[in-house]
Amino acid sequence: MQPADPHIQSTKLATHAELPVAESCLRNQKPIADVLSRFLTPDMVVFEVGSGTGQHAAYMTEQLRGIHWQPSELPGCLSAIRAWREHSKQAGFLPPVELDISQDIWPLRNMDAVFSANVVHFVGWSQVVAMFKGISRSLKDNGLVLLYGPYNYDGRFTSEGNIALNEWLRMRDPDSGIKDFEQIVLLGRQHQLHLLHDIEMPANNRMLVFEKHPQP
Ligand SMILES: C[S@@+](CC[C@H](N)C(=O)[O-])C[C@H]1O[C@@H](n2cnc3c(N)ncnc32)[C@H](O)[C@@H]1O
């Protein structure tokens, strides 16, 4: 798999298993788990979009006991997740499935919740639109969507670090970049996904929590 961001590197862990590691996941996994634990309950099926290395699947299934975590990635990019699943041995860590959000085919229906970290800024706007459409179709009524990552407010970056990240993203793919919070909220509403919470996270990130229901 191509490194998903500049922080991904291959590292020997203390367990001597050679696994691909995104340093950002090591930093953000605990704050993310703390927030998820407020919204997710045991036995929920959580579908993760753009799982990257699979570290979040490993950590969340360890911390949020009883959760069924369904990781997904672009076709051909599942090997890191499989390696983490093998290493983790958590029953709730389900075998990864292929998903390209720009395609109209979503592997699951009637999902309880969708989680995605650092994907919205990594892809272009048309892919974000396709992602919201797919999520809305695949989520059950009152299902939750939890999106972790940086957002702009009133058209402004919230930190120097986010400006630098945006420049790096644009060099890689001119269509990608940090999205406006207000546009994401509007896009959600157009797909029956209504913002419940906008939670401050470390390092100028947010967790946006949406709920699916037909009424505004
Ligand atoms: C910045 S990485 C984040 C990975 C992981 N969620 C994390 O937090 O470390 C963005 C991820 O989005 C995935 N991605 C990019 N385009 C995608 C698409 N069209 N459909 C699904 N995933 C995609 C990439 O493969 C990559 O793993």
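Throughout, residues of each chain are indexed from 1 in the direction in which the sequence is written. Residue-level local features of this predicted model are given only where pLDDT is at least 70; pairs of side-chain atoms are given and counted only at 80 or more, and the full residue set underlies all totals for whole chains, interfaces and linings. Only hydrogens and water are set aside when side-chain values are computed; all heavy atoms of the structure are taken into account.

Peer 1: Teacher, can you tell me more about the side chain of Ser 159 here?
Peer 2: A helix here means a DSSP run of H or I that spans at least four residues, while a strand means a run of E at least two residues long, and both kinds are numbered starting from the N terminus. Relative to the elements of secondary structure, Ser 159 occurs in the loop between strand 8 (139-149) and helix 5 (160-172). For every residue, the accessible area obtained with a 1.4 Å probe (protein chains only) is divided by the maximum for its type, and the residue is called buried under 20%, exposed over 50%, and partly exposed between those limits. For Ser 159, a relative accessible area of 14% translates into the label buried. Separated by 3.4 Å, the side chains of Ser 159 and Asn 204 make a polar contact. Think of a polar contact as two N or O atoms within 3.5 Å of one another; within protein, one of them needs to be a possible hydrogen donor and the other a possible acceptor, and neighboring residues in sequence only count if both atoms come from side chains.

Peer 1: Is there a simple way to think about the environment of Asp 154 in this case?
Peer 2: With respect to the secondary-structure elements, Asp 154 resides in the loop between strand 8 and helix 5. Classification of Asp 154 as exposed rests on a relative accessible area of 60%. Residues Asp 154 and Glu 182, spaced 28 residues apart in sequence, show a C-alpha to C-alpha distance of 7.7 Å.

Peer 1: What is the right way to read the pattern of salt bridges from this model?
Peer 2: What makes a salt bridge here is a side-chain nitrogen of Lys or Arg within 4 Å of a carboxyl oxygen of Asp or Glu, nothing more. Inspection of every chain in the model, using the stated rule, returns 5 salt bridges. The salt bridge involving Arg 137 is made with Asp 104; its shortest N-O contact spans 3.4 Å. Here Asp 104 lies in the loop between strand 6 (97-98) and strand 7 (111-117) and Arg 137 lies in helix 4 (residues 125-138), a separation of 33 residues in the sequence. The partly exposed category is assigned to Arg 137, whose relative accessible area is 34%. Across the pair Asp 112 and Lys 140 runs a salt bridge whose closest N-O atoms are separated by 2.6 Å. Highlighted residues: Asp 112 in strand 7 and Lys 140 in strand 8, separated in sequence by 28 residues. Since its relative accessible area comes to 13%, Asp 112 is described here as buried. The network of salt bridges with shared partners includes Asp 104, Lys 133 and Arg 137.

Peer 1: Would you mind showing me how to read the site of the ligand here?
Peer 2: The cutoff for a nearby residue is simple: one of its non-hydrogen atoms must lie within 4 Å of the molecule or strand. The full set close to the ligand counts 17 residues, and Gly 50, Glu 73, Asp 100, Ile 101 and Ala 117 are the nearest of them. Between the ligand and Ile 101 there is a distance of 2.9 Å, counted from a nitrogen atom to a backbone nitrogen or oxygen. Values of accessible area rely on a 1.4 Å probe in the Shrake-Rupley scheme; residue burial ignores everything except the protein chains shown. In isolation the ligand exposes 590 Å². Once the protein is present, 94% of that is buried. Amino acids are sorted into nonpolar (Ala, Val, Leu, Ile, Met, Phe, Trp, Tyr, Cys and Pro), charged (Asp, Glu, Lys and Arg) and polar (every other residue, Gly among them). Partitioning the shell around the ligand into residue classes produces 9 nonpolar, 6 polar and 2 charged.

Just geometry here; none of it tells us what the structure is for.
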